[in-house]
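So you can see what is in the structure, the chains are spelled out below.
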Number of protein chains: 2
Amino acid sequence: MNISHALEEFIETARVARLATIDPEFKPHLVPVVFVFDGNSFFVPVDEKRKTVKPEKLKRIRNIQNNPNVALLIDEYSEDWTRLAFVMMQGKASIMPFQIHGDIQLQQAYKKLTTKYLQYQRIGLGEMCIIIKPEKVVSWRNSQV
Amino acid sequence: MNISHALEEFIETARVARLATIDPEFKPHLVPVVFVFDGNSFFVPVDEKRKTVKPEKLKRIRNIQNNPNVALLIDEYSEDWTRLAFVMMQGKASIMPFQIHGDIQLQQAYKKLTTKYLQYQRIGLGEMCIIIKPEKVVSWRNSQV
């Protein structure tokens, strides 16, 4: 998978992405997510904000466990439509705990998330993480409005 | 389908949504879209911006023709995470031309789109429209950060 420098910068500066999974009835499911990207994979924390719902019960988690195919969209809306752009990745997702003995990739993702989102310094980051390995990248920039 | 007044206002004021479809390989596909909502259905114009690509060839259109199940997400990101909220609709989509003899719903959607997005007064609105009838609505507001 090749991601250009310009695209990587577009991805790095984005604060939010949208994650699509497929539910057991073959219907798409969509949520906004925060994320970091290490040049190869995307890391999406599984927030345990709603303390009555265990993360493994979250719909997005169950969907990924049933079907690892996901899509992640990064875009920023502007009223100046000549500035519209997006990047959409299709890939496979897996669920992992951040703390796996000796896994440096996940440790770095944890650090990157708490540095990118200072909000986590107050509310704490959960234990689990969705890792997305992009297989196809579609990028689009509006140049013909 | 019941949509509360507060939710309808949240939907009405949003300028952008994200549309998930499912491709023939059962992988989700995601794009940002503009839209209007008439209280029952969502209307997403099929923009013919890239003049080399006919709208029926657009991936989202082919996906909907193969599988009408879609999801539409409306959310606004804020660095103040207590303000995060989203509404996600799962439903069925169909592709229709705006100009169908005597179809008032589509005529009104066309008007609503050109009023909501003044950009169309300059670039013109395409002929085709994706109509989404929501079957399930999930709304979420962060109250526990």
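Criteria and cut-off values
- Numbering of residues begins from 1 in every chain and follows the order in which that chain's sequence is written.
- Working convention: letters from A go to chains and numbers from 1 go to ligands, in the order in which they are written.
- In keeping with the predicted nature of the model, local features appear solely for residues at pLDDT of at least 70, side-chain atom pairs appear and are counted solely at 80 or more, and the whole-chain, interface and lining totals rest on all residues.
- Runs of E in the DSSP output that reach at least two residues are strands. Runs of H or I that reach at least four are helices, and both are numbered from the N terminus.
- The globule rule is 2.2 Å times the number of residues to the power 0.38, and the radius of gyration it is compared with is taken over C-alpha atoms.
- Here exposure depends only on C-beta density: within 10 Å of a residue's C-beta, 20 or more other C-beta atoms make it buried, 12 or fewer make it exposed, and intermediate numbers make it partly exposed, the C-beta atoms being placed from the backbone.
- By the convention adopted here, residues are in contact when the distance between their C-beta atoms, placed from the backbone, does not exceed 7 Å.
- Any two strands with at least two DSSP-identified bridges between them are counted as paired.
- pLDDT expresses how confident the predictor is about each individual residue, on a scale running from 0 to 100.
- Classification used: nonpolar for Ala, Val, Leu, Ile, Met, Phe, Trp, Tyr, Cys and Pro, charged for Asp, Glu, Lys and Arg, polar for all others including Gly.
- Throughout, an axis means a line fitted to C-alpha atoms (over the contacting stretch in the case of helices), and angles, computed between N-to-C directions, take values from 0 to 180 degrees.
- Linking buried Ala, Val, Leu, Ile, Met, Phe, Trp, Tyr and Cys residues through C-beta atoms within 7 Å yields a set, and such a set is a nonpolar core.

Draft legend 1. Representation of the overall build of chain A in the model. Within chain A, the regular secondary structure consists of 4 helices and 7 strands. Each helix and strand of chain A, placed in order from N terminus to C terminus, yields the pattern α-β-β-β-β-α-β-β-α-α-β. Taken over C-alpha atoms, the radius of gyration comes to 16 Å for chain A, in line with the 15 Å a tight globule of 145 residues would show. By its C-alpha atoms, chain A is 45 × 35 × 30 Å across when sized along the principal axes. Split into buried and exposed, the 145 residues of chain A put 33% on the buried side. Considering only contacts within chain A whose residues lie at least 6 apart along the sequence, 69% involve residues at least 24 apart.

Draft legend 2. Broad picture of the environment of E25 of chain B. Residue and element names in this part refer to chain B. Of note, E25 is situated in the loop between β1 (17-22) and β2 (28-33). Residue E25 is classed as exposed on the basis of its C-beta count, with 8 C-beta atoms lying within 10 Å. Between the C-alpha atoms of E25 and N63, which are 38 residues apart in sequence, the distance is 10.0 Å.

Draft legend 3. Molecular detail of the pairing of strand β1 (residues 17-22) of chain A. All names here are of chain A. The element β1 is extensively covered by neighbouring structure, given that 6 of its 6 residues are classed as buried. The alternating pattern of β1 places A17, L19 and T21 on one face and R18, A20 and I22 on the opposite face, and all of these are buried. The pairing of β1 with strand β2 (residues 28-33) spans 6 bridges and is classified as antiparallel. Along β2, the bridge assignment pairs A17 with V33. Counted along the chain from β1 to the antiparallel partner β2, the turn is 5 residues long, and its residue F26 has a positive phi close to 65°.

Draft legend 4. Local environment of the pairing of strand β4 (residues 42-45) of chain A. Residue and element names in this part refer to chain A. Of the two faces of β4, the one holding F42 and V44 and the one holding F43 and P45 are both buried throughout. Looking at chain direction, strand β3 (residues 36-37) and β4 are connected through 2 bridges and run antiparallel. Considered in β4, the bridge of F37 is made with F42. Between β3 and β4, which pair antiparallel and follow one another directly, the connecting turn spans 4 residues, one of which, G39, has a positive phi of 100°. In the sheet, β4 pairs with strand β7 (residues 128-141) via 4 bridges, with the strands oriented antiparallel. Directly across from F42, in β7, lies its bridge partner I132.

Draft legend 5. Broad picture of the confidence of the model for chain A. Predicted confidence across chain A gives a mean pLDDT of 90, with 90% of residues reaching 70 or more. For this predicted complex, the interface confidence reaches an ipTM of 0.92, while the overall pTM sits at 0.93.

Draft legend 6. Structural view of the interface of chain B and chain A. The interface is formed by 31 residues belonging to chain B together with 31 residues belonging to chain A. The class makeup of the residues in the side of chain B that touches chain A is 17 nonpolar, 7 polar and 7 charged.

Draft legend 7. Molecular detail of the sheet that holds strand β4 (residues 42-45) of chain B. Residues and elements named next belong to chain B. The 7 strands lie next to each other as β2-β1-β5-β6-β7-β4-β3, forming an open sheet whose pairing is antiparallel. Looking at which strands have only one partner, the edges of the open sheet turn out to be β2 and β3 (36-37). The sheet strands contacting helix α1 (residues 5-13) are β3, β5 (69-76), β6 (85-97) and β7 (128-141), and the helix crosses β6 at an angle near 65°.

Draft legend 8. Just the environment of N63 of chain B, in detail. Residue and element names in this part refer to chain B. With respect to the secondary-structure elements, N63 resides in helix α2 (residues 59-66). When the 23 C-beta atoms within 10 Å are taken as the criterion, N63 is described as buried. Apart from the residues lying within four places of it in its own chain, the contact partners of N63 are T21, I22, D23 and H29.

Draft legend 9. Representation of the sheet that holds β7 of chain A. Residues and elements named next belong to chain A. Taken in spatial order, the 7 strands line up as β2-β1-β5-β6-β7-β4-β3 in an open sheet, and their pairing is antiparallel. Strands with a single pairing partner mark the edges of an open sheet, and in this sheet they are β2 and β3. In the packing of helix α2 (residues 59-66) onto the sheet, the strands contacted are β1, β2, β5 (69-75), β6 (85-97) and β7, and the crossing angle to β1 comes to about 50°.

Draft legend 10. Broad picture of the nonpolar core. Ranked by internal contacts, the top residues of the largest apolar core, which has 61 residues, are A71 and L72 of chain A together with A71 and L72 of chain B. Those residues in contact with A71 of chain B that lie beyond four places of it in its chain are A20, K27, P28, H29 and L30 of chain A together with A20, M88, M89 and Q90 of chain B.

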